[in-house]
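Read off the chains here:
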Amino acid sequence: MAQKLSSVWLNELTWEDVAEYLKHEDIIILPIGSTEQHGPAGPLGLDTYVAISLAEDVARSAGVLCTPPVWFGDSSHHLGFPGTISLRLETVRALVKDIASSLAKHGFRNILIINGHKSANLPALLSATKELREYEMPEVFFAVIDPMKISRGIAAQTKEAKEHHCGELEISEVWHKYPHLIKADKLTREAPDLHRLFSPFFLDDLMGKGAGDTIDIPWTSQEQREFAPTGSLSDSSRASPQKGQRYHDYMVARIVEFIEWRRQHRGPITRQP
Ligand SMILES: [Zn+2]
């Protein structure tokens with residue numbers, strides 16, 4: 001059985017602690033988010049806080065380590081608002097590849113990425129990990145975990161409004177974990193009509209029940225500043241720490257379940273015991 005480490009965060013341990021951990025475990029979580037405007041009520045780091053809080057609670061429960069969080073992602077569409085810092089898709093890919101290369105060198109063989117920035121980071125994360133597996137490190141198992149997909153069993157029942165950027169659920173989760181970071185008096189009912197702006201084929205609820213038939217349409221930061229002047233794309237007026245806790249705890253439990261599955265099914269994907 002593992003020795004009790006003083007922290008789940010790699011950056012708070014010594015190299016000797018990590019060497020000890022690697023004697024019995026090779027799983028590590030890499031949290032990634034963004035630094036981008038989250039409307040008048042949410043902090044710029046909201047997506048990263050989502051990733052950090054999931055990573056930390058999963059790591060504690062499952063007894064695994066986390067890398068330091070990546071605070072930046074692909075946020076170019078939010079650059080119309082002060083404070084947003086965006087990486088190009090190529091930079092996100094390069095960052096993930098370099099972090100994975102270092103981890104693999106030390107013997108980590110299971111890298112679980114928790115992405116708090118939802119669909120905007122997914123193209124970079126999925127293409128980088130797919131390439132790493134095919135061309136550079138087929139021996140490393142990668143998983144990309146995203147609240148949009150791991151909360152399907154609870155999201156639609158928990159929220160009351162359509163969830164897009166600055167939605168009820170992501171605000172609720174951060175409100176639950178970091179109460180001082182949400183300006184409750186600035187939660188807003190105002191949300192642009194995304195179907196009017198982008199056609200009825202636009203996915204205006206990222207966490208809805210059935211997505212229906214959709215078409216992806218990119219937009220610019222200038223367009224966004226005009227169609228969503230507060231920065232919010234969702235009605236967050238019914239967000240609450242209680243909803244956040246329910247949503248958060250559900251996702252933590254599901255991710256821990258996944259880690260347990262992986263522990264029972266280590267090794268190549270083609271050869272299961
Ligand atoms: Zn967000």
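All figures in this text were calculated on a predicted structure; none of them were measured in a lab. (Residues numbered from 1 in each chain as written. Predicted model: local features only at pLDDT ≥ 70, side-chain atom pairs only at ≥ 80, totals over all residues.)

Of the regular secondary structure elements, the protein chain holds 10 helices and 4 strands. The C-alpha atoms of the protein chain give a radius of gyration of 19 Å, which matches the 19 Å a tight globule of 273 residues would have. Taken along its principal axes, the extent of the C-alpha atoms in the protein chain is 55 × 40 × 35 Å. By residue count, 43% of the 273 residues in the protein chain fall in the buried class. In the protein chain, the share of contacts with a sequence separation of at least 24, taken over all contacts with a separation of at least 6, comes to 78%. (Helix = DSSP H or I, 4+ residues; strand = E, 2+ residues; numbered from the N terminus. Rg over C-alpha atoms; globule rule 2.2 N^0.38 Å. Buried ≥ 20, exposed ≤ 12 C-beta atoms within 10 Å, placed from the backbone. Contact = placed C-beta atoms within 7 Å.)

Let us now look at the packing of helix 7 (residues 168-177) against helix 10 (residues 241-264). Packing of helix 7 against helix 10 brings their axes to within 7 Å, and their N-to-C directions diverge by 95°. The angle between the axes of helix 7 and helix 10 places the two elements in the roughly perpendicular class. Of the residues in helix 10, those in contact with Glu 168, Leu 169, Ser 172, Glu 173, Trp 175, His 176 and Lys 177 of helix 7 are Pro 241, Lys 243, Gly 244, Gln 245, Tyr 247 and His 248. Looking at the contact of helix 7 with helix 10 residue by residue, the class counts come to 4 nonpolar, 5 polar and 4 charged. (Axes fitted to C-alpha atoms, helices over the stretch in contact; angles between N-to-C directions. Parallel < 35°, antiparallel > 145°, perpendicular 65-115°, else oblique. Nonpolar A, V, L, I, M, F, W, Y, C, P; charged D, E, K, R; others polar.)

Further remarks concern unusual backbone geometry. The phi angle at Lys 118 is positive, at roughly 50°, despite the residue not being glycine. Along the chain, the position of Lys 118 falls in the loop between strand 3 (110-115) and helix 4 (122-136). Owing to 23 C-beta atoms within 10 Å, Lys 118 belongs among the buried residues under this scheme. Phi is positive for Cys 166, which is not a glycine, with a value near 65°.

Time to look at the environment of Val 144. Residue placement: Val 144 occurs in strand 4 (residues 141-145). Separated by 101 residues in sequence, Val 144 and Gln 245 have C-alpha atoms that sit 22 Å apart. Leave out the neighbours within four places in its chain, and Val 144 touches Ile 113, Asn 115, Leu 125, Leu 126 and Thr 129.

Below, the discussion takes up the packing of helix 2 (residues 46-62) against helix 10. Helix packing geometry: the angle between the two helix axes and the distance between the axes. With their axes 9 Å apart at the nearest point, helix 2 and helix 10 run at an angle of 50° to one another. When the interaxial angle is binned, helix 2 and helix 10 end up oblique. The interaxial crossing formed by helix 2 with helix 10 has right-handed handedness. Listed contacts from helix 10 to Ser 53, Leu 54, Asp 57, Val 58, Ser 61 and Ala 62 of helix 2 are His 248, Met 251, Val 252, Ile 255, Val 256 and Ile 259. In terms of residue class, the contact of helix 2 with helix 10 is built from 8 nonpolar, 3 polar and 1 charged. (Left-handed = near helix turned anticlockwise from the far one by under 90°.)

On to the pairing of strand 1 (residues 27-32). The buried fraction of strand 1 is high, at 6 of 6 residues. Burial along strand 1 is two-sided: the residues Ile 27, Ile 29 and Pro 31 and Ile 28, Leu 30 and Ile 32 are all buried. With 6 bridges connecting them, strand 1 and strand 3 associate as parallel partners. Considered in strand 3, the bridge of Ile 29 is made with Leu 112. At this point the chain moves from strand 1, through helix 2, to the parallel strand 2 (residues 65-66), and the crossover so formed is right-handed. (Pairing = 2+ DSSP bridges. Right-handed = clockwise from strand over helix to strand, strands pointing away.)

Summarising burial for strand 3: 5 of the 6 residues are buried, a large majority. Alignment of strand 3 against strand 4, held across 5 bridges, turns out to be parallel. Pairing of Ile 114 across the sheet is with Ile 145, part of strand 4. One crossover worth recording links strand 3 to the parallel strand 4 by way of helix 4, and it is right-handed.

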